[in-house]
Amino acid sequence: MKTTALAALILALAPTLSQAFETAAAEPLAGAAHGSAAPALLPLSPAATAKLAAPEANTALKTDKLKLNPDTSDWKEADVWGRIRSGYAIPDIDNQLVAKHITWYSTRPDYIARTTTRASRYIFHVVQELEKRGMPTELALLPFIESAFNPQAFSSANAAGMWQFVPATGRDFNLKQNMFKDERRGVLASTDAALTYLQRLYDMFGDWQLALAAYNWGEGSVQRAIKKNQALGKPTDFESLAELMPAETRNYVPKLQAVKNIIANPGQYGISLALVDNEPYFTAVDKTSDIDMTIAAQLAELSMDEFKALNPQFNRPVITGGEKTKILLPQENAAKFTSNLAKWGQALSTWTTHKITSARERIDTLASRFGTTPDVLRQANNIPQKTSLKAGSTILVPKTSASLNIDIASEITDNATMAFEADRPERKGRAGKGAKQEKGYKSSAQAPISLVKPRVPRGGGSRHPVRARH
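Cut-off values and rules
- Residues numbered from 1 in each chain as written.
- Predicted model: local features only at pLDDT ≥ 70, side-chain atom pairs only at ≥ 80, totals over all residues.
- Heavy atoms only, no water.
- Buried < 20%, exposed > 50% of the residue type's maximum accessible area, 1.4 Å probe, protein only.
- Helix = DSSP H or I, 4+ residues; strand = E, 2+ residues; numbered from the N terminus.
- Pairing = 2+ DSSP bridges.
- Phe/Tyr/Trp six-rings, centres within 6.5 Å; stacked < 30°, edge-to-face > 60°.
- Lys NZ or Arg CZ within 6 Å of the ring centre and 35° of its normal.
- Axes fitted to C-alpha atoms, helices over the stretch in contact; angles between N-to-C directions.
- Parallel < 35°, antiparallel > 145°, perpendicular 65-115°, else oblique.
- Contact = heavy atoms within 4.5 Å.
- Nonpolar A, V, L, I, M, F, W, Y, C, P; charged D, E, K, R; others polar.

## A word on the pairing of strand 6 (residues 326–330)
In terms of burial, strand 6 is largely enclosed, as 4 of its 5 residues are buried. Sheet topology places strand 3 (residues 282–286) next to strand 6; 5 bridges connect them, and they run antiparallel. What sits directly across from Asp 286, in strand 6, is Lys 326.

## Details of the packing of aromatic side chains
Summed over all chains, the structure comprises 10 aromatic pairs. On the basis of an interplanar angle of 90° and a centroid distance of 6.5 Å, the ring pair of Tyr 105 and Phe 144 is categorised as edge-to-face. Of this pair, Tyr 105 sits in helix 4 (residues 96–106) while Phe 144 sits in helix 6 (residues 142–146), placing them 39 residues apart in sequence. Here Tyr 105 and Phe 144 have matching classes, each one buried. By the ring-pair criterion, three or more aromatic residues cluster together here, those being Trp 104, Tyr 105, Tyr 111, Phe 144 and Phe 149. For the cation-ring pair, Lys 260 lies above Tyr 88, with the distance from its terminal atom to the ring centre recorded as 5.0 Å.

## Points about the packing of helix 4 against helix 5 (residues 109–133)
Following both chains from N to C, one finds helix 4 and helix 5 inclined at 80°, their axes separated by 6 Å at the closest point. Classified by the interaxial angle, the pair formed by helix 4 and helix 5 is roughly perpendicular. Residue-level contacts link Trp 104, Tyr 105 and Ser 106 of helix 4 to Pro 109, Tyr 111 and Ile 112 of helix 5. Class assignment of the residues belonging to the contact of helix 4 with helix 5 gives a composition of 5 nonpolar, 1 polar and no charged.

Rendered as structure tokens:
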């Protein structure tokens, strides 16, 4: 009876068991039909998830955002470009100038590749800072227009760095500029200053396009243009004011719109963007004493080019300053720096300062006195050939045994100046005729060292000079 009853039960349940078996067997096959593997039992780590590249265009699956944690609602873009796209917030413009600049950029894929390669070091930080402030993320693309993401860029109007601050505007935003450091080129300091400036301009005009025009042309110039149109009963939006602007400012916002369009859909313009991981490229390392740049790069196991690319604000071969001075290093090299520093048994800095007290202290005699060569002194101090130092100048010289363990004092770095005069035989009554002071600069390190782009004269009252195309 038991056997008969069991058999009857099995027969009764057979259709249900069969359906369940067929469903279980079919599920992995359904996944395989879409080209995917069976579902993973464990979620990927955030680091692994962030490195997955999403397809640029996929109408069937929405994969441009990847979930960090299945227990939260937080999502993370696959790369920085996707993160920027998701935060676009400035109204678009569409005119002939935009089309012109799209053509210019899209027909130069090598230029785009070089610029995005440089940008890959800095752009995560810029986007992160924009998001903290609730600002439009396409502003992260502005250095495309300003400097092609080159923090060493200098212009003929003395604008410097990735965000192209002129000296006066840099000082307005507390960017230190002295013989040893120019924070207009520093990644952290200049980005903070630029975003603060842009936000202030937006608060002033209530319009991002006008804020951008003011960043380029100066707020005073934009204010006067607005008043002129108001007096004529005309609109005061960017495109309505464009005819009053110099050509470079008139093209400034269309250039950013062109880059914005290309980043939004690179495939449409035949551009392939390199993947930039949506994670920090660098970290800040504390420095507790003076350290030569060559030694810092050696401890971090970095080339000098890469070290300078992350720390472009340092003007001299020695990095001075106390605990507030940070060194930026790639994430993986920061640990190497710390480990190698702990094992370093030599002096960290080989340079100190010397103040010129007499015109008789010539470069060749100083080199002999400090056991080096004239060329080394000229290179370390950016002293032009065929010039001598005037009395009162402060220069770097190699350390002696007496100064081996002494750091350069902050009052020296903050106040050191350097002035040159022509290196020629002196004549009676004409001793001062060859004197040459770097006009407007305390040190040669603050003077323009290369011409990146031309400038047109800025309008009266401008705080930020007009820029021309790179």
